[in-house]
Structure formats: C-alpha cells, structure tokens
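Survey of secondary and tertiary structure
Now for the letters of each chain:
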Amino acid sequence: MEQMSGIIAARFSAYLNQDQHWCNICQYAVQVLMEKWISLTVMGILAGSLGYGKEYILFLLVFMPLRSCCGGFHMKTYGGCLACSCLLVGSVLVTSRMMPVESNVWMTGIRGVIPLIFMNRMVPVLHSNRPMKQKEIDRCRKKARTLSVILTAAMILFGACNKIRTVILLSETIWVVFIFMILGEADYRRAVRKQAKER
C-alpha cells in the first residue's frame, strides 16, 4: 500500500512540478484514502452479502463522524486495522439483530446516551504522533457536542416510533466509539510516560 501510494504521489508531484515535501504529504493522503476505500469496500461487501446493508450504512453514518472528532485507539498495522474493523462491524450488526424486540426501547436509548456524557468530557483523545493545536481541539469538542445532541434526538425519535433495532444499533455504535476512546487514552498516557523516561 505504501509503495503504491508512493508511486502515485511521485508521478502526481512530477506532473505538477512540486517538491519532495509536497510529494510526502501527497503520498500520506493517497495512502490514507486507499486504505479507507479498501476497508469500507470490504466491510460493505461482507455486510451486504449477509443482508446487513442498511444497518451498515447507519453504522457508518454514526461511527465515522464520531470517530473523526473523538479520536481513540489505532492498530499499529493496516492489516490489523482491517481485521479489527471487519470483526467490530460484524459484531455490532449481528448483535443488533440478536437482541430481543421485547427489550425496553427507552432503557436501550438511555444506555446509548450515558457514554455520550463521558465522551464529551474526554474529547478529543490525543495521539503522541499527532499533536493538536487548541483551535483543532475546540473544533472537535464543538462537533462532538453537536453530534451528541443529534444522536440523542435520533434515539428519542426512533424510540417514540418503537424502532428498537435502530436504537440498539445506535447505542452499540456509540459504545464502540467510547471504548476506543478509553483504549486510546490509555495508549496515549503510556506513550507520554515512555517519552518522559527516555528524556
């Protein structure tokens, strides 16, 4: 993946007559886009073939905006990330259908709102390799608050319509992001302590 993105970036940079620094930035952007596209395509094919197409789209509509502003744990390799993503998405989609329809829709919604409270206190989870400016942090916090209001309203609306499966899926997706935030925070603190010892 890195080699392919490097070739694409080098040719694109040569065509635009750009320097090596621009080429490196372009390579990173191309690599990220390629990895995201492959991951989403693979998971989409798996979800669609198993009859979870609509649930997969709803999962992405919630997971991707939350994840982008909240941050959290990242696997060290792309292969590990892809495997973890497929396992994660599959688990959320399957369990959302396995839950009994007799479940209390309002209790399920409350279980989804509770992590949003803690997430807004934690956001964004920092990464040792990507320092953030205060302006970026403030933007992430504002986005997280907006998403929290939208998701809470969505769960109330679907709850009023007794769409228990949808409320379960929303709640589980929020919990997944929250768990990744906890793991990411632990990983960040571990990295900070390691850097402090090496000084």
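Note on numbering: residues in each chain are counted from 1, in written sequence order. Where local features are concerned, this predicted model is filtered to residues with pLDDT of at least 70; where side-chain atom pairs are given and counted, the filter is 80 or more; whole-chain, interface and lining totals use all residues. Only hydrogens and water are set aside; all other atoms, that is, all heavy atoms of the structure, feed into the side-chain values.

1. Side note on the overall build of the protein chain
Of the regular secondary structure elements, the protein chain holds seven helices and zero strands. Helix and strand assignments follow DSSP, with helices taken as H or I runs no shorter than four residues and strands as E runs no shorter than two, numbered in order from the N terminus. Listing every helix and strand of the protein chain by position from the N terminus yields α-α-α-α-α-α-α. Dimensions of the protein chain along its principal axes, counting C-alpha atoms only, are 60 × 45 × 30 Å. Note on areas: these come from Shrake-Rupley sampling with a 1.4 Å probe, and a residue is covered only by the protein chains present in the view. Counting every atom, the protein chain has about 12,700 Å² of accessible surface; 65% of that belongs to carbon and sulfur.

2. Considerations on the layout of surface pockets
A volume near 1,900 Å³ is recorded for the largest pocket. Around the largest pocket sit 47 residues that line it, and Tyr28, Val32, Lys36, Arg67 and His74 are the ones nearest its centre. With nine residues, helix α2 (residues 20-49) is the single largest residue contributor to the lining of the largest pocket. Each residue is assigned to one class: nonpolar for Ala, Val, Leu, Ile, Met, Phe, Trp, Tyr, Cys and Pro, charged for Asp, Glu, Lys and Arg, and polar for all the others, Gly among them. Looking at the lining of the largest pocket residue by residue, the class counts come to 26 nonpolar, 12 polar and nine charged. A pocket, in this scheme, is an open set of points on a 1 Å grid over the protein atoms alone with protein on both sides within 12 Å along at least 5 of 7 lines, while a cavity is a set where a 1.4 Å probe fits but cannot get out; residues line either one if an atom lies within 4 Å of a point. Grid points are joined across faces, edges and corners, and a volume is the space filled by probe spheres set on the points.

3. Structural notes on helix α4 (residues 78-98)
An α-helix turns once every 3.6 residues. As a result, residues three or four positions apart point the same way. With 21 residues, α4 extends 30 Å from end C-alpha to end C-alpha; this agrees with the ideal 30 Å at 1.5 Å per step. Relative accessibility decides the category of a residue: with a 1.4 Å probe and only protein chains considered, values under 20% of the type maximum give buried, values over 50% give exposed, and everything between is partly exposed. All of the buried residues in α4 are Leu82, Ser85, Leu88, Val89, Val92, Leu93 and Ser96. Projection of α4 onto a plane perpendicular to its axis shows the buried side chains occupying an angular sector of 135°, all on one side. Those residues of α4 that are exposed and aimed more than 90 degrees away from the buried face are Leu87 and Met98. To estimate the expected span of a helix, count its residues, drop one, and scale the result by 1.5 Å. What the arc measures is the spread of directions leading from the helix axis to the C-beta atoms.

4. A closer look at the side chain of Ser96
Within the secondary structure, Ser96 is located in helix α4. Dropping the residues within four chain positions of it, Ser96 is found in contact with Arg165, Ile168, Leu169 and Glu172. Throughout, a residue-residue contact means that at least one pair of heavy atoms, one from each residue, lies within 4.5 Å.

5. Overview of the nonpolar core
For the purposes of this section, nonpolar cores are sets of buried Ala, Val, Leu, Ile, Met, Phe, Trp, Tyr and Cys residues that join through side-chain atoms within 4.5 Å. Core analysis: the largest hydrophobic core is formed by 33 residues, its most contacted members being Leu66, Cys70, Leu93, Met119 and Ile174. Counting residues per element, the ones that place at least two in this core are α2, α3 (53-70), α4, α5 (105-122), α6 (134-160) and α7 (164-198). In contact with Cys70, other than residues within four places in its own chain, are Met119, Val123, Pro124, Val125, Val177 and Met181.

6. Some thoughts on the confidence of the model for the protein chain
Along the chain, pLDDT gives the predictor's confidence residue by residue, from 0 to 100. Summary statistics for the protein chain give a mean pLDDT of 85 and a share of 91% for residues scoring 70 or more. Summarising per-element confidence for the protein chain, the mean pLDDT is lowest in helix α1 (residues 2-16) (66) and highest in α6 (95).

7. Considerations on the packing of α5 against α7
With their axes 9 Å apart at the nearest point, α5 and α7 run at an angle of 25° to one another. Viewed along their axes, α5 and α7 adopt a mutual orientation that is roughly parallel. As for the relative orientation of α5 and α7, their crossing is left-handed in sense. In contact with Val105, Thr108, Gly109, Arg111, Gly112, Pro115, Leu116, Phe118, Met119 and Met122 of α5, α7 contributes Ile164, Val167, Ile168, Ser171, Ile174, Trp175, Val177, Phe178, Met181, Ile182 and Glu185. Counted by class, the contact of α5 with α7 contains 15 nonpolar, four polar and two charged residues. Only the stretch in contact is used when a helix axis is fitted, and all axes are lines through C-alpha atoms; the angle between N-to-C directions ranges over 0 to 180 degrees. Each angle receives one of four descriptions, namely roughly parallel if under 35 degrees, roughly antiparallel if over 145, roughly perpendicular if within 65 to 115, and oblique otherwise. With the far helix as reference, a near helix turned anticlockwise by less than a right angle produces a left-handed crossing, and one turned clockwise produces a right-handed crossing.

8. Description of the state of the cysteines
When the sulfur atoms of two cysteines come within 2.5 Å, that pair is taken as a disulfide. All told, the structure shown has zero disulfides when counted by the stated rule. The thiol of Cys70 is unpaired, and the distance to the nearest cysteine sulfur, on Cys69, comes to 3.9 Å. The buried category is assigned to Cys70, whose relative accessible area is 2%. With no disulfide of its own, Cys84 lies 7.0 Å from the sulfur of Cys81, the closest cysteine sulfur. For Cys84, a relative accessible area of 26% corresponds to the partly exposed category.

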